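# Commentary on secondary and tertiary structure
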2 protein chains.
Amino acid sequence: MLPTTGLPQGAVPKLERPGPLRDRVYEALLELITTRALQPGQHLVESELAGHLGVSRQPVREALQRLSTEGWVDLRPAQGAFVHEPTDEEADQLLSVRTLLEAEAARLAAANAGADAVAALEKLCDEGEKAVDADDVDGAVAMNARLHAKVMELAGNTVLAGLAAQVDRRVRWYYTPVARQRGHRSWIEHRELIAAIADRDEERATAVMRAHTEHTRKMYREREK
Amino acid sequence: MLPTTGLPQGAVPKLERPGPLRDRVYEALLELITTRALQPGQHLVESELAGHLGVSRQPVREALQRLSTEGWVDLRPAQGAFVHEPTDEEADQLLSVRTLLEAEAARLAAANAGADAVAALEKLCDEGEKAVDADDVDGAVAMNARLHAKVMELAGNTVLAGLAAQVDRRVRWYYTPVARQRGHRSWIEHRELIAAIADRDEERATAVMRAHTEHTRKMYREREK
DNA sequence: GAATTGGTTTTCGCCTACAGTCTACGGCGC
DNA sequence: GCGCCGTAGACTGTAGGCGAAAACCAATTC
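Below you will find a few notes about this structure.

### Thoughts on the overall build of chain A
Regarding its fold elements, chain A presents nine helices and three strands. Counting helices and strands in the order they occur from the N terminus, chain A gives α-β-α-α-β-β-α-α-α-α-α-α. Taken over 225 residues, chain A has a buried fraction of 44%. Put simply, 76% of the contacts in chain A that link residues at least 6 apart link residues at least 24 apart. Accessible surface for chain A amounts to roughly 12000 Å². Of this, 52% is attributable to carbon and sulfur atoms.

### Side note on the layout of surface pockets
Left-over empty space is what a probe sized like a water molecule reveals as it rolls over the atoms. In this structure, the largest pocket encloses a volume near 610 Å³. For the lining of the largest pocket, the elements supplying multiple residues, two or more each, are helix 3 (57–69), strand 2 (73–76), helix 4 (88–112) and helix 7 (158–179) of chain A together with helix 1 (21–34) and helix 7 (158–179) of chain B. It is helix 7 of chain B that provides the largest number of residues to the lining of the largest pocket, a total of seven residues. Looking at side-chain class alone, the lining of the largest pocket contains ten nonpolar, nine polar and eight charged residues. Estimates place the volume of the second largest pocket at around 440 Å³.

### Section: the sheet that holds strand 3 (residues 80–83) of chain A
All names here are of chain A. Pairing in this open sheet of three strands is antiparallel, and the strands run 1-3-2 from one edge to the other. The open sheet terminates on both sides in strands that have one partner only, identified here as strand 1 (43–44) and strand 2. Taken together, the two bridges between strand 1 and strand 3 define a ladder with antiparallel strand orientation. Each bridged residue has a counterpart across the sheet, and for leucine 44 the counterpart in strand 3 is alanine 81.

### Describing the packing of helix 1 (residues 21–34) of chain A against helix 3 of chain A
Residues and elements named next belong to chain A. The contact between helix 1 and helix 3 brings their axes to 8 Å, and the two run at 55°. Comparing their axes, helix 3 and helix 1 come out oblique. In the crossing of helix 1 with helix 3, the sense of the turn from one axis to the other is right-handed. Within the contact between the two elements, helix 1 uses Leu21, Arg22, Asp23, Val25, Tyr26, Leu29, Leu30 and Ile33 and helix 3 uses Pro59, Val60, Glu62, Ala63, Leu64, Arg66 and Leu67.

### A word on the side chain of B:Arg170
Residue and element names in this part refer to chain B. Looking at the secondary structure, you find arginine 170 in helix 7. You can call arginine 170 buried: its relative accessible area is 11%. Setting aside residues no more than four positions away along its own chain, arginine 170 makes contact with Glu70, Gly71, Trp72, His84, Glu90 and Leu94.

### Structural notes on the environment of A:Asp74
Residues and elements named next belong to chain A. Summarising the element assignment, aspartate 74 is placed in strand 2. With a relative accessible area of 33%, aspartate 74 lands in the partly exposed category. Separated by eleven residues in the primary sequence, aspartate 74 and glutamate 85 have C-alpha atoms spaced 8.7 Å apart. Ignoring anything within four residues of it in the chain, the contact list for aspartate 74 reads Gly80, Ala81, Phe82, His84 and Glu85. In terms of polar contacts, aspartate 74 uses its side chain to reach the side chain of histidine 84, at 3.0 Å.

### Re unusual backbone geometry
Unlike most non-glycine residues, A:Arg200 shows phi in positive territory, near 55°. Note that A:Arg200 resides in the loop between helix 8 (184–198) and helix 9 (202–224).

### Considering the relation of the copies chain A and chain B
The transform that puts chain A on chain B rotates by 180° and translates by 0.1 Å along the axis, for an RMSD of 0.2 Å. In symmetry terms, the pair is related by a two-fold rotation axis. Here 100% of the interface residues in chain A have copies in chain B that are interface residues too; the copies meet face to matching face.

### Examining the interface of chain A and chain B
Taken together, the contacts link 25 residues of chain A with 25 residues of chain B. The junction of chain A with chain B conceals about 2400 Å² of combined surface from both sides, 58% of it contributed by carbon and sulfur atoms. Counting the contacts that link chain A with chain B gives ten residue pairs in polar contact (both at pLDDT 80 or more). When residues of the side of chain A that touches chain B are traced back to their parent elements, those giving at least two are helix 3, helix 4 and helix 7 of chain A. Tallying contributions element by element places helix 4 of chain A first for the side of chain A that touches chain B, with eight residues.

Calculation notes
Residues numbered from 1 in each chain as written. Chains lettered and ligands numbered in written order. Predicted model: local features only at pLDDT ≥ 70, side-chain atom pairs only at ≥ 80, totals over all residues. Heavy atoms only, no water. Helix = DSSP H or I, 4+ residues; strand = E, 2+ residues; numbered from the N terminus. Buried < 20%, exposed > 50% of the residue type's maximum accessible area, 1.4 Å probe, protein only. Contact = heavy atoms within 4.5 Å. Areas by Shrake-Rupley, 256 points an atom, 1.4 Å probe, with all protein chains shown as cover. 1 Å grid on protein atoms, 1.4 Å probe; cavity = no way out; pocket = protein on both sides within 12 Å on 5 of 7 lines; lining within 4 Å. Points joined across faces, edges and corners; volume = space filled by probe spheres on them. Nonpolar A, V, L, I, M, F, W, Y, C, P; charged D, E, K, R; others polar. Pairing = 2+ DSSP bridges. Axes fitted to C-alpha atoms, helices over the stretch in contact; angles between N-to-C directions. Parallel < 35°, antiparallel > 145°, perpendicular 65-115°, else oblique. Left-handed = near helix turned anticlockwise from the far one by under 90°. Polar contact = N/O pair within 3.5 Å; in protein donor to acceptor, adjacent residues only side chain to side chain. Least-squares fit on C-alpha atoms with pLDDT ≥ 70 in both. Buried area = accessible area lost by both parts, 1.4 Å probe.

This is the structure in structure tokens:
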């Protein structure tokens, strides 16, 4: 028993710590990039960002460094950081990798999932469909992300989850503009996926997820033209 | 035509630029980690490393930052960097992800490969076997890496290649101690893989690569006990 | 003897300053 | 008028320094 004080565990609100500045800068920049406030190809000047965010250059540099390794910005030596410009080819490759990772996650989820897990998935699906019916695009996209994240969690492979999280976020960056077009159909497929997971049918879960992600990929390709 | 000088393209050796210091620090630290000079769990003190490498703390910080995002070190806030301690579970997950990525790469390679590509693979395989015969473990491991990298290159998916490169390097970190045990058998499997690629047989290439990487995974598991 | 508390030291997080390098622009020669 | 060179500006790369938080250790109290 750790707490020798008579206080209950959650009584002390953990003393909201701001957390490392570099992380907050990272989050801020990522937000600016994903919302297109910083456009692809744009030159990111360290001192400018630092001044704008009210911090020094150092945290900005570290944030840019991290964004670089995750593929959000390109760091050209002695020239600075530029917001990454996604090519159509790269987007397609990213989507195909996503298909691979998500399909595997679906398979593992089907192998591991219990009744309570399935219930949780159903709940997420309900909310997602509700958002679609209400024309709440942002909400639907968010629920979609949470659903996929939940499947990934059920897969129980943290390494896989880490890679998928990166890929997914970038995919969503490219994909958000076309998300609007893909409403109900997507959630019907989600239902099929959950059914397959509930049946513990690894083969079918893999196939459904593959079809699902490939579907969005095809939609992206058609949009390119 | 860019070169208006009459000089051939490669004549000027690009004026050997030292390149960003942080990258060299990164390479140096990665070398130290993979060679076990810095042991898992060890606390990495910035000023210590900086002094040892003859640079300031800043490049060291940036290198550690990058190593952190790639999973080599754990960056605990306000505490510093610690060499990542791989758990058995994590190693297993990493190996399973590797299987997934490499199998897909093999499939794509089989779909794309031409005669010259197959020849290049054969050449790498020859050298690898030569290294094994000479009991040159480090050389064999290196050739193994280059062979897999070549397959990945043939797959033609840079995103996939990027992920696989990270995973592979970490796998090799865990795996190096047991590499010695897995000599000839591994290279026989390589031959089978190349044959499948030469036949443009995607199914078989996938299966062979999957068996190959799963084989090393099993070997690792047995070693755990 | 065990737990706590206070001070001390180490180390990180961030800021500021300086040097090197690349880019852009204006003047000069052809 | 056209192209080259030199200079000025801006930005990045690196170094050093200060304040603060965490870990460590010893003295003290129960």
